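A look at the structure
Letter by letter, the chains look like this.
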Amino acid sequence: MDLQKAIAEKQTELQIHQFGFTTTDQLSIHQGVRDLCEMNSCGRYGKSWSCPPGVGTLEECRDKIMKYRNVFVYTTKHDLEDSYDFEGMMEGKDAHEEISRKVVACFSELYPGDKLILSGDGCDRCEQCTYPDAPCRFGNEVYPTVESYGVEVYKLAETVHVNYINGPNTVTYFGCILY
């Protein structure tokens, strides 16, 4: 089965802006990305199963990544009123997560084997996350962020030839399916 062709045929239906494929040995995994997480600019560090330290150490994340050979990368692009449109960014994040669920379902039909799913900007499905006291209420339906695994997204974009930035007054979110 040609996954690339199958995804290309469903790209518009799935609302994927751009996509590409690479291998896990081409991913740049770096402590500096995790250091940015620890700075807690998004407010989720230590408060969510989808972000550090809930996802595990960088070494544990690297080990999980390296269990797979291939990576499907996809982006969603969302228009903003202006570059300070925080509400639009959050609406884009929510839309990305909904699109991610559709992408994962479609990909799972095409490739039913084991996979690791990484997505956008952290989970905020629950008013109060169960982290660290109890398992996630949504289990495998909540995906860790790409950055929480230490992946340098701008290098990933270069590797698979997709845009990291899609112009002024837009926000772009990334997702990966490792298989």
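Remember, it's a predicted structure, so these values are computed and weren't measured experimentally. (Residues numbered from 1 in each chain as written. Predicted model: local features only at pLDDT ≥ 70, side-chain atom pairs only at ≥ 80, totals over all residues. Heavy atoms only, no water.)

Things to note about a nonpolar patch on the surface
- Residues Tyr 154, Tyr 164 and Ile 165 make up a contiguous nonpolar surface patch of roughly 340 Å² in combined accessible area.
- For Ile 165, the location among the structural elements is in the loop between helix H5 (153-160) and strand S4 (170-178).
- Using a relative accessible area of 62% as the deciding quantity, one classes Ile 165 as exposed. (Patch = residues over 30% accessible without salt bridge, like charges linked within 9 Å, V, L, I, M, F, W, Y side chains within 5 Å. Areas by Shrake-Rupley, 256 points an atom, 1.4 Å probe, with all protein chains shown as cover. Salt bridge = Lys/Arg side-chain N within 4 Å of Asp/Glu carboxyl O. Helix = DSSP H or I, 4+ residues; strand = E, 2+ residues; numbered from the N terminus. Buried < 20%, exposed > 50% of the residue type's maximum accessible area, 1.4 Å probe, protein only.)

Points about unusual backbone geometry
- The omega angle of the peptide bond from Pro 52 to Pro 53 is -5 degrees, so this bond is cis rather than trans.
- Tracing the sequence through the fold places Pro 53 in the loop between helix H2 (31-38) and helix H3 (58-65).
- In this structure, the amide linkage connecting Tyr 131 to the following residue, Pro 132, adopts the cis form with an omega of -5 degrees.
- Assignment of secondary structure puts Pro 132 in the loop between strand S3 (116-118) and H5.
- For Asn 169, which is not glycine, the phi torsion reads 55 degrees and is therefore positive.
- If you trace the backbone, Asn 169 turns up in the loop between H5 and S4.

A word on H3
- Within the span of H3, buried status applies to Leu 58, Cys 61 and Ile 65. End-on, the buried residues of H3 take up no more than an arc of 60 degrees, which puts them together on one face. The outward face of H3, more than 90 degrees from its buried face, is lined by the exposed residues Glu 59 and Asp 63.
- Elements in contact with the buried residues of H3: H2, S3 and S4. (Arc of directions from axis to C-beta. Contact = heavy atoms within 4.5 Å.)

Here we look at the packing of aromatic side chains
- Under the definition given, this model contains 11 aromatic pairs.
- Centre to centre, the rings of Phe 72 and Phe 107 are 5.5 Å apart; their planes meet at 15 degrees, and the pair counts as stacked. On the criterion of sequence distance, the pair formed by Phe 72 in strand S2 (residues 70-79) and Phe 107 in helix H4 (residues 86-110) is long-range, its members being 35 residues apart. Note on accessibility: Phe 72 and Phe 107 belong to one class, buried.
- Residues Phe 107 and Tyr 179 carry aromatic rings whose centres are separated by 5.1 Å and whose planes lie at 65 degrees to one another, so their mutual orientation is edge-to-face. In this pair, Phe 107 sits in helix H4 while Tyr 179 sits in the segment after S4, placing the two residues 72 residues apart along the sequence. (Phe/Tyr/Trp six-rings, centres within 6.5 Å; stacked < 30°, edge-to-face > 60°.)

Section: H2
- Those residues of H2 that sit buried are Val 33, Arg 34 and Cys 37. One side of H2 holds all its buried residues, which, seen down the axis, span an arc of 95 degrees.
- Here the buried face of H2 lies against H3.
- At the C-terminal side of H2, Asn 40 shows a positive phi close to 60 degrees.

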